[in-house]
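A look at the structure
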Amino acid sequence: MNNLYVRLAAQNIKKHRRSYVPFMLAGVFVAAVSYILNSLSNNTELGPTSQMMFTLGSTVVMLFAVIFLFYTNSFLMKQRKKELGLYNVLGMNKGHIARVIGLETLFTALIVIVGGCAVGILLDKLTFLIVAKMIRITPNYGFHIIPKSLQYVAVVFGVIYVLIYISNVFRVRISRPIELLHGTNVGEREPKTKAFMAILGVLCLGSGYALSILSSREPVLAISLFFVAVLLVIIGTYFLFTAGSIALLKLLRRNQNY
């Protein structure tokens with residue numbers, strides 16, 4: 001029975017490769033960047049200031065990976081609702097579907113983690129040499145694999161894919177078979193205007209840029225303010241595009257002459 005689930009999960013990935021391959025490639029790219037940044041943050045040749053900057057960069061990429069992978073996964077699951085509903089109608093209960101989704105997620109996670117680490121290892125030394133030239137230090141030309149960075153990528157992306165699996169199973173469990181069957185054909189409802197989120201987005205974005213300007217004028221504060229500024233810009237941009245764009249479009253619709 002377990003072999004059936006494994007074959008079914010592998011066939012599903014192969015059948016939906018036009019959706020899965022970009023999803024996996026995006027994951028491999030983000031995992032590779034995470035490995036490189038974490039490796040640079042553990043490289044003592046760069047000095048404590050550069051190490052701290054790369055540690056902050058690694059944290060920002062991790063947050064981006066969570067948002068990006070969850071967003072692309074939601075798109076992928078929407079495309080597969082009809083197929084999952086058909087499984088339910090043909091006799092598979094939601095527990096069996098959860099097993100198939102779990103195996104698909106496991107295969108995807110393994111490909112992303114292994115592929116990301118492999119690409120990261122290949123490009124890590126090149127990135128280090130470029131950074132060393134930029135900050136004008138004499139680099140060590142030896143090739144090293146950083147076990148801590150491998151562990152970091154495995155843990156971070158392992159946790160992300162576990163959360164993605166839990167999210168997918170929860171979606172399937174709360175959906176009725178008929179909803180899954182027609183899920184692909186159902187259009188999205190018109191979103192509500194979220195004025196508070198739009199205002200919050202403007203405030204976060206403005207605060208992020210203000211901190212960036214302040215840190216450029218005060219070099220001593222640059223490192224401590226960098227991480228806060230980047231987070232505010234990410235949050236502000238997300239809120240502004242999701243809520244601000246809706247508010248703008250609805251205002252334009254009210255204008256009869258537009």
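The structure displayed is predicted, hence computed values, not measured ones.

**Here's the deal with the overall build of the protein chain**
What the protein chain contains, in helices and strands, is nine helices and zero strands. For the protein chain, the N- to C-terminal ordering of α and β elements is α-α-α-α-α-α-α-α-α. Looking at the protein chain as a whole, 38% of its 258 residues are labelled buried. Of all intrachain contacts in the protein chain linking residues separated by at least 6 positions in sequence, the fraction that spans at least 24 positions is 83%.

**Some remarks on the packing of helix 5 (residues 94–134) against helix 6 (residues 147–174)**
Here helix 5 crosses helix 6 at 155°, and the two axes come no closer than 9 Å. For the element pair helix 5 / helix 6, the angle class is roughly antiparallel. Handedness of the crossing formed by helix 5 with helix 6: right-handed. Among the residues making up the contact of helix 5 with helix 6, the classes are represented as 16 nonpolar, six polar and two charged.

**Topic: the packing of aromatic side chains**
Summed over the entire model, instances satisfying the criterion amount to three aromatic pairs. Ring centres of F64 and F68 lie 5.5 Å apart, and the angle between their planes is 10°; on these two criteria the pair is classed as stacked. One end of the pair is F64 and the other is F68, both in helix 3 (residues 48–79) and four residues apart, which spans about a single turn. The class of F64 is partly exposed, set by a relative accessible area of 45%. Looking at F68, the relative accessible area reads 27%, which means it is partly exposed.

**Regarding empty space enclosed by the protein**
As enumerated under the stated definition, the model contains two cavities of 30 Å³ or more in all. Lining the largest cavity are 13 residues, and of these Y20, N73, L76, T105 and N168 lie nearest its centre. In terms of residues, the lining of the largest cavity owes the most to one element, helix 5, which gives four residues.

**What about helix 6?**
Under the 1.5 Å per step criterion, the end-to-end length of helix 6 is 41 Å for 28 residues, consistent within 8% with the ideal 40 Å. Regarding helix 6, the residues found buried are S149, V153, V156, F157, I160, Y161, I164, S167, N168, V169 and V172.

**Brief notes about a nonpolar patch on the surface**
On the surface, V119, L122, L123, L126, I130, M134 and I135 cluster together into a nonpolar patch covering about 680 Å² of accessible area. Turning to its location among the elements, L122 is positioned in helix 5. The class for L122 is exposed, based on a relative accessible area of 68%.

**So, the packing of helix 2 (residues 17–41) against helix 5**
Helix packing for two helices is described by the angle between their axes and how far apart those axes are. One can describe the packing of helix 2 onto helix 5 by two numbers: an axis separation of 6 Å at closest approach and a directional angle of 45°. Judged by the inter-axis angle, helix 2 sits oblique to helix 5. Between helix 2 and helix 5 lies a crossing of right-handed hand. A class-by-class count of the residues in the contact of helix 2 with helix 5 yields 16 nonpolar, seven polar and two charged.

Cut-offs and rules
- Residues numbered from 1 in each chain as written.
- Predicted model: local features only at pLDDT ≥ 70, side-chain atom pairs only at ≥ 80, totals over all residues.
- Heavy atoms only, no water.
- Helix = DSSP H or I, 4+ residues; strand = E, 2+ residues; numbered from the N terminus.
- Buried < 20%, exposed > 50% of the residue type's maximum accessible area, 1.4 Å probe, protein only.
- Contact = heavy atoms within 4.5 Å.
- Axes fitted to C-alpha atoms, helices over the stretch in contact; angles between N-to-C directions.
- Parallel < 35°, antiparallel > 145°, perpendicular 65-115°, else oblique.
- Left-handed = near helix turned anticlockwise from the far one by under 90°.
- Nonpolar A, V, L, I, M, F, W, Y, C, P; charged D, E, K, R; others polar.
- Phe/Tyr/Trp six-rings, centres within 6.5 Å; stacked < 30°, edge-to-face > 60°.
- 1 Å grid on protein atoms, 1.4 Å probe; cavity = no way out; pocket = protein on both sides within 12 Å on 5 of 7 lines; lining within 4 Å.
- Points joined across faces, edges and corners; volume = space filled by probe spheres on them.
- Expected span 1.5 Å × (residues − 1).
- Patch = residues over 30% accessible without salt bridge, like charges linked within 9 Å, V, L, I, M, F, W, Y side chains within 5 Å.
- Areas by Shrake-Rupley, 256 points an atom, 1.4 Å probe, with all protein chains shown as cover.
- Salt bridge = Lys/Arg side-chain N within 4 Å of Asp/Glu carboxyl O.

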